[in-house]
Number of protein chains: 2
Amino acid sequence: MIASPASPAAPLEAVIFDVGGTLVDQAPAGTAVADLKAGFRPGARRLLRLLSAAGVRLGAVTDTSVMREADVRAALGDEVSARLDVVVTSVDVGAAKPDPAGVGRALAVLGVDPANALMVGDQPADQAAAAAAGIPFVAVGALRRASTSTSPPTEVDDRTSSREEHLDVIVLDHLAARLGPLIASRLLVGPLDSAALADAPALQARLTKPPGSLGRLEQLGAQLAGIAGACPPPVPEPAAVTVFAGDHGVLAQGVSPWPQEVTAQMVANFCAGGAAINVLAGAAGASVTVVDVGVATPLLPVAATAGGPTLLERRVRPGTADLSEGPAMTRADAEAALDVGAAAALAAVAGGARVLLTGDMGIGNTTPAAALISALTGLPASEVTGRGTGIDDPTLARKVAVVDAAVARLSSDRSPLRVVAEVGGLEHAALAGYIVAGAAAGVPVIVDGVIALSALLVAEALAPGVTASVIAGHRSVEPGASAALAHLGLDPVLDLGLRLGEGSGAALALPIVQAAARIMSGMATFDAAGVKEA
Amino acid sequence: MIASPASPAAPLEAVIFDVGGTLVDQAPAGTAVADLKAGFRPGARRLLRLLSAAGVRLGAVTDTSVMREADVRAALGDEVSARLDVVVTSVDVGAAKPDPAGVGRALAVLGVDPANALMVGDQPADQAAAAAAGIPFVAVGALRRASTSTSPPTEVDDRTSSREEHLDVIVLDHLAARLGPLIASRLLVGPLDSAALADAPALQARLTKPPGSLGRLEQLGAQLAGIAGACPPPVPEPAAVTVFAGDHGVLAQGVSPWPQEVTAQMVANFCAGGAAINVLAGAAGASVTVVDVGVATPLLPVAATAGGPTLLERRVRPGTADLSEGPAMTRADAEAALDVGAAAALAAVAGGARVLLTGDMGIGNTTPAAALISALTGLPASEVTGRGTGIDDPTLARKVAVVDAAVARLSSDRSPLRVVAEVGGLEHAALAGYIVAGAAAGVPVIVDGVIALSALLVAEALAPGVTASVIAGHRSVEPGASAALAHLGLDPVLDLGLRLGEGSGAALALPIVQAAARIMSGMATFDAAGVKEA
C-alpha cells in the first residue's frame, strides 16, 4: 500500500573523492604500497554504500608517485573498490593536482557534466583541481575546519566533536544546501550496515549472561550497531527532541474540545520549560527545540534561557485549511514543511546530537494523523481514528466521518506528497522530513506516538527503508498508533497507556535505548570475567 | 491463598513521645496556646499511624507551663490526637522532666511495663526522665546527632541528609536493633498515606496536559505520593540495588545447564563491575551492593573500588539442601536470611537510598521461585515453572516434577516461614525481608523478575499490605512471574522479554518511576502557564 517515492530531481550524478586524508587516513610518506592498509574516515564506507545504492556514480582521484589504479583498488579493499566506477591516479594521467587532468579523466569516463558532479578532498590542491575542472567542491579535515572557522553556523550548538569528521554527514550537509535538505536526505537512506548487524549477536553471546536473556534490549543493540556501522555501537547521546507545532483547519469540524489558541500557549509553555516534554527530556538529558512550522495564532514573546529550549520560527503557513473541505495545504507547502523538518534534523546532528526524538504539538492533530494512517495503510477510518486527548462518542463519530471522507478524495493517487498535502498537517510533514534526514545522517530516530507514526508512514513512502533507523518509543493508546506499528513491523519499547504526544513516550524510552548500547560496550565477556558458560 | 502472618513476638507494647522538638517543631518561647500550629517532624504522622495500626499503645508527655492535655490535643489536631491513648503534661502532674512523674503516669494509664515501652525525645531532660522511669530511650534531632557523631555506622555511606530527621526511620532503626530487623519492619508496614494518595489525581489534573494522558505514569506518581506521604512526592533518588546471591541443592536434579560455581563467579563479576546489573544500575545512577546470603562455594578475593559495588558477606549457610528431598533449610536459617535482607534494606536507607531495587543471583534459583509461587498462589507447578536461563523440554519436565513434589509436601501449612524454609532459597528469603524493610522505611521498592516476585509473595504473607509500596519493574518471560503479578494485582512498568535477573528489569524501570515523580513537581499548571483548559 505504500506508494513509490517520487523520483527526486537530483542534479547530482557523480561524486569524485580524493583518497588519502579524505576517504582514508593519510599514509606516512614512504610507506610501501604493499603495506598500505586503508583506515577509513568515519562514515566513508556508509557514504559510498548509500550513494552507490542511490545510483550516483563514484570515482577516486589521487596523487601518488608510485600507484596505479589496481594498486589503489587493492589498498582500498574489495568492498569499497567495487563501489568505485573509476579510479585515476596521477601516475595514470601524468599530472598531479591542482592540474585538473585526473578529475577530468574521471568525469570523462563516467560521462558526467562537471556541474552535475561533486568533488571531496582535504587539500588546497584538491580544491584548486576542482575549481580548474569546474566541479563543485566540499572540504574535509583541516581544510574544512579552516574554511568554516570564521563563520560558525547560527542556531547550532558548538558541540560538533568528532562528528565533523564523518564523511557521510559532511557530504549530506553540502547536498542539503545544494539540493534542499529533504532531497539530499533521501539520497542517503538505505539499508543498515550488514557487517555490524551480524557482529551484534556474536558479541552479545560472549557477554556474561545467558544467551538472549536481555530480550528486546539485545534487538535494540543490534539495530543501533547497524545504524552506527559499528559493533559495539556508540551510546546514542546526546539526544535532541524537536517538537514541531502546527494548527489545523479541521478543528472547525469540532473534532477536539480544546481551542486552537492552546497550540500557541503550549509553544510558550515548552519555551518556558513547563510542559511534560521539558520535564521528561530534562530527566533523560535531552535538549528540546520547538519549531513553529504552522501555528495559526501569534506566538507570545519568549525569553530564551541559556541551555533551555530553543524556538525556531519556521512557519510555512498559519495552520492548514480544513481537510474536510479540500486539500489541507498545497504541495509546495507540504514540500516546504518537509524541508523544515529535514533541516531541523540536520541542524540537530550538526549541533552534536547522536539520537533524534520526535515531538509534536497541535490541537486537532490526531485527525490528520488518522487520515494519513488510513490512506497509507489502507485501513478504514473507523479502525484508525481514536479519542485523541479525550472526546465523547458523538465527537468521535464526527471525527471518523471527517477522516473517511477526506481519505476517499485521494482515490488511487497515494503518492506521499499528495497524501500529506491533501489530508495531513504541517507538523506531520515536518516530522516526516525530520525522520528521513535523521536516518540519512546515520543516527537513530526514536518516534513518539500516533502523530509521529503517521509521519513515519509518509517518511517510509518517501524514502523506503527509513524505518530501519527508527525505534518506536511506545505504544500510544490511539488505535491508529497500533495500526501504523503493525503496518511498519515495529515493536515499541514501552506500553504505558500514554496519549499526550510532545515526544513524551520517546523521551521515556530514551534511557532504555541507550542502555541497549551501554550493555554491549560495558559488560565483561565470559573469558575476561572467568565465568563458565553453560 | 496468602497465609496470615505469624504473630510477631514483639515486646514493644507502648511508645511515649516528647512533643515539642520530637513530634513537632519546637514552638518559639512565649507563643500563645491558641496560636500553636503543629509542624510535624517528617515521618511522625506515618509512624503514629502505623504503630497504632499494629496495636502499639501511644502516649505523649510534654513539659509546658500553661497547657493541659486538652490544649496539647487541640494543638496536635484531630488525626494525631486520636492515635494518642494518653497525653500527660507537666502541668497535669506538677513536675517537669527529668522528673519521671509524667512518663510514669503515662505508662500507668496504659498499664504497660517500662521494659516493654520506648520513649522518644530530643532533650537531655527527656533522656534523663526515661532513665529514671526505667524505659528505653531513643533520641532525635540535635541530641541524636550528638550521641551518634563519635561512632559513624560501618558499611554505610554518610549521605544521610535530612532522612536522619525522619521519625519513622529513627524509631525503625532502634526497633531493628531491639527486636531484629524483620520483626521491627513488620510493625511499620501498613496502608499508604490516604491524604497524599487523594491529592495526587487532583494535582495531576491541574498540570498542562489532557487529563489522564500520561497513563501509567500518573498511577505511579500517585503511588509514590502515598508511599512518601507527600504530594507532589519527592523524586525517589538516590537508588540502591541489592543483589542477594545464593546456591541451591536442587541443582543436583539437573534443573539448570549452568554449574554451581557460576554463582560465585558472577559475585566476583558483580564486584568487578562487569555484569549487566553493573551497567544498567550505573546508567540509572543506582549503587550496587552484593550480599552473599548463601553461596555454596568460596568467594574469590575482591578488590573494592571507591564508589564501586560493595560486597556484604552474610552467608547463612553454603547453599540450601536439595528441596526435592526435604526442606531446603531450617526455619532458623530462613529467619536468619530474612533478617539479612531486612538489615540490608535498612542499611541502604540509612546510607541515603530513597528507593530500593531488588537483585538476585543463584544458579538454579528459578526452581525454588516456581515452588514458592505455586505454594503461595495455589497454581499448579506446570503453570508457574519456566525455562529460566534456557532449558530444553526434558529438563523442563524434570523441573516441573520437582516443583510439584516439593509443594505437595507442604500440605495445608502454608505459613510464609514454613513455605520459604521448605521449598525456597536463601536469596528468596533475604529478598522477602528486604522488601518488607524497604516498605517499613517508607521508600518504594522496585522488584525485578520471577525471583523477586516469588519473594514478594512471601513478603506479602509475612506483612500484609507490603505490596502497596512495591512497583513491579517488568514482566519477565518466566510464566511464574506473570502468575505472581496477577495474584498480587501488579501492573509491571516494562515488558521487554527479559529473563536475566540480577535486578536488570528493575534498573531499567527506575528512570520511568523517577519520571513519574518529576512530572508532578516539574510541570506547570494551567493557571501558571496561561494555558486554556478544554
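Residues numbered from 1 in each chain as written. Chains lettered and ligands numbered in written order. Predicted model: local features only at pLDDT ≥ 70, side-chain atom pairs only at ≥ 80, totals over all residues. Heavy atoms only, no water.

## Notes on the overall build of chain A
Then step 1. Counting its secondary structure elements, chain A contains 23 helices and eleven strands.
Then step 2. By the compact-globule yardstick of 24 Å for 534 residues, chain A fits well, its C-alpha radius of gyration being 24 Å.
Then step 3. In terms of its C-alpha atoms, chain A occupies a principal-axis envelope of roughly 80 × 60 × 45 Å.
Then step 4. Looking at the 534 residues of chain A, the share that counts as buried comes to 60%.
Then step 5. Here chain A displays about 18,100 Å² of accessible surface, and carbon together with sulfur accounts for 53% of that area. (Helix = DSSP H or I, 4+ residues; strand = E, 2+ residues; numbered from the N terminus. Rg over C-alpha atoms; globule rule 2.2 N^0.38 Å. Buried < 20%, exposed > 50% of the residue type's maximum accessible area, 1.4 Å probe, protein only. Areas by Shrake-Rupley, 256 points an atom, 1.4 Å probe, with all protein chains shown as cover.)

## Observations regarding the interface of chain A and chain B
When the parts of a complex come together, some accessible area is lost, and that lost area is often used as the size of the interface.
Then step 1. Each side of the interface is counted separately: chain A has 51 residues, and chain B has 51 residues.
Then step 2. Summed over both partners, the interface of chain A with chain B comes to about 4,000 Å²; 71% of that surface belongs to carbon and sulfur atoms.
Then step 3. Interface area lost by chain A to chain B is led by A:Trp258, A:Leu496 and A:Lys532, which between them contribute 14%.
Then step 4. Along the contact surface separating chain A from chain B lie two salt bridges.
Then step 5. Between A:Lys532 and B:Glu261 there is a salt bridge, with the nearest N and O atoms lying 2.8 Å from each other.
Then step 6. Linking chain A with chain B are 14 residue pairs in polar contact (both at pLDDT 80 or more), by the criterion used here.
Then step 7. Elements that contribute at least two residues to the side of chain A that touches chain B include exactly α11 (216–228), α12 (261–272), α13 (276–284), α22 (504–522) and α23 (526–529) of chain A. (Contact = heavy atoms within 4.5 Å. Buried area = accessible area lost by both parts, 1.4 Å probe. Salt bridge = Lys/Arg side-chain N within 4 Å of Asp/Glu carboxyl O. Polar contact = N/O pair within 3.5 Å; in protein donor to acceptor, adjacent residues only side chain to side chain.)

## Comments concerning the pairing of strand β9 (residues 355–361) of chain A
Residue and element names in this part refer to chain A.
Then step 1. Buried residues dominate β9, accounting for seven of its seven residues.
Then step 2. Relative to β9, strand β6 (residues 239–246) is paired through seven bridges, and the arrangement is parallel. Within the sheet, the bridge partner assigned to alanine 239 lies in β9 and is valine 355.
Then step 3. Here β9 pairs with strand β10 (residues 445–447) via two bridges, running parallel. Bridge pairing in β10 links leucine 356 to valine 445. (Pairing = 2+ DSSP bridges.)

## Some details on the environment of A:Ala440
Residues and elements named next belong to chain A.
Then step 1. Positionally, alanine 440 belongs in helix α19 (residues 426–440).
Then step 2. You can call alanine 440 buried: its relative accessible area is 0%.
Then step 3. Through-space distance from the C-alpha of alanine 440 to that of alanine 463 is 9.7 Å; in sequence the pair is 23 residues apart.

## Focus: the sheet that holds strand β2 (residues 57–62) of chain A
Residue and element names in this part refer to chain A.
Then step 1. Spatially, five strands are ordered β3-β2-β1-β4-β5 in an open sheet, and the strand pairing comes out parallel. On the outer flanks of this sheet lie β3 (86–89) and β5 (137–139), each paired with one strand and no other. Taking each pair of neighbouring strands and ignoring which way they run, the sheet shows an average axis angle of 20°.
Then step 2. Note that strand β4 (residues 117–121) and β5 share three bridges and pair parallel. Within β5, the residue paired with glycine 121 across the bridge is alanine 139. (Axes fitted to C-alpha atoms, helices over the stretch in contact; angles between N-to-C directions.)

## What to know about the confidence of the model for chain A
All names here are of chain A.
Then step 1. Residues at a pLDDT of 70 or more form 94% of chain A, whose mean pLDDT is 92.
Then step 2. Below a pLDDT of 50 lies the segment residues 1–10, which in the model reaches 21 contacts outside its immediate sequence neighbourhood of four places, other chains included.
Then step 3. This stretch, residues 150–161, has a pLDDT under 50; its non-local contacts, to residues over four places away or in other chains, come to 13 contacts. (pLDDT = per-residue confidence, 0-100.)

## What about the pattern of salt bridges?
A side chain of one charge can pair with a side chain of the opposite charge if their charged atoms are brought near each other.
Then step 1. In the structure shown here, the tally under the stated rule is 38 salt bridges over all chains.
Then step 2. Linking A:Lys209 and A:Glu218 is a salt bridge whose minimum nitrogen-to-oxygen distance equals 2.8 Å.
Then step 3. For B:Asp168, the salt bridge is made with B:Arg46, and the minimal N-O distance between the two is 3.0 Å. Taken as a pair, B:Asp168 in helix α8 (residues 167–179) and B:Arg46 in helix α1 (residues 44–53) lie far apart in primary sequence, 122 residues in all.
Then step 4. Taking relative accessible area as the criterion, B:Asp168 reaches 2% and is therefore assigned buried.
Then step 5. The network of salt bridges with shared partners includes A:Arg409, A:Asp413, A:Arg418 and A:Glu422.

## Digging into the relation of the copies chain A and chain B
Each of the two chain copies goes to the other by way of a rotation about an axis and a shift along it.
Then step 1. The operation relating chain A to chain B is a screw motion whose rotation component is 180°, with 0.0 Å of axial translation and a residual RMSD of 0.0 Å. Taken together, the rotation angle and the small translation identify this as a two-fold axis. Taking the C-alpha atom as reference, chain A places A:Leu494 closest to the rotation axis, 3.2 Å from it.
Then step 2. When the interface residues of chain A are mapped onto chain B, 100% of them again fall at the interface, so both copies present the same face. (Least-squares fit on C-alpha atoms with pLDDT ≥ 70 in both.)

## Digging into helix α5 (residues 101–110) of chain B
Residues and elements named next belong to chain B.
Then step 1. Within α5 the residues assigned to the buried category are Gly102, Val103, Ala106, Leu107 and Leu110. All buried residues of α5 lie within an arc of 130° about the axis, which places them on one face of the element. Opposite the packed face of α5, turned more than 90 degrees from it, sit the exposed residues Ala108 and Val109.
Then step 2. Among the structural elements, β1 (14–17), β2 (57–62), β3 (86–89), α4 (90–93), β4 (117–121) and α6 (124–133) are those in contact with the buried residues of α5.
Then step 3. One or two positions beyond α5, positive phi appears at glycine 111, with a value near 70°. (Arc of directions from axis to C-beta.)

## Some remarks on the packing of α13(A) against helix α22 (residues 504–522) of chain B
Then step 1. Contact pair α13(A) / α22(B): the axes reach a minimum separation of 9 Å and the direction vectors enclose 135°. In terms of orientation, α13(A) and α22(B) fall into the oblique class. The handedness of the crossing between α13(A) and α22(B) comes out as right-handed. Within the contact between the two elements, α13(A) uses A:Ala276, A:Val279, A:Leu280 and A:Ala283 and α22(B) uses B:Ala515, B:Arg518, B:Ile519 and B:Gly522.
Then step 2. Grouping the constituent residues of the contact of α13(A) with α22(B) by class yields six nonpolar, one polar and one charged. (Parallel < 35°, antiparallel > 145°, perpendicular 65-115°, else oblique. Left-handed = near helix turned anticlockwise from the far one by under 90°. Nonpolar A, V, L, I, M, F, W, Y, C, P; charged D, E, K, R; others polar.)

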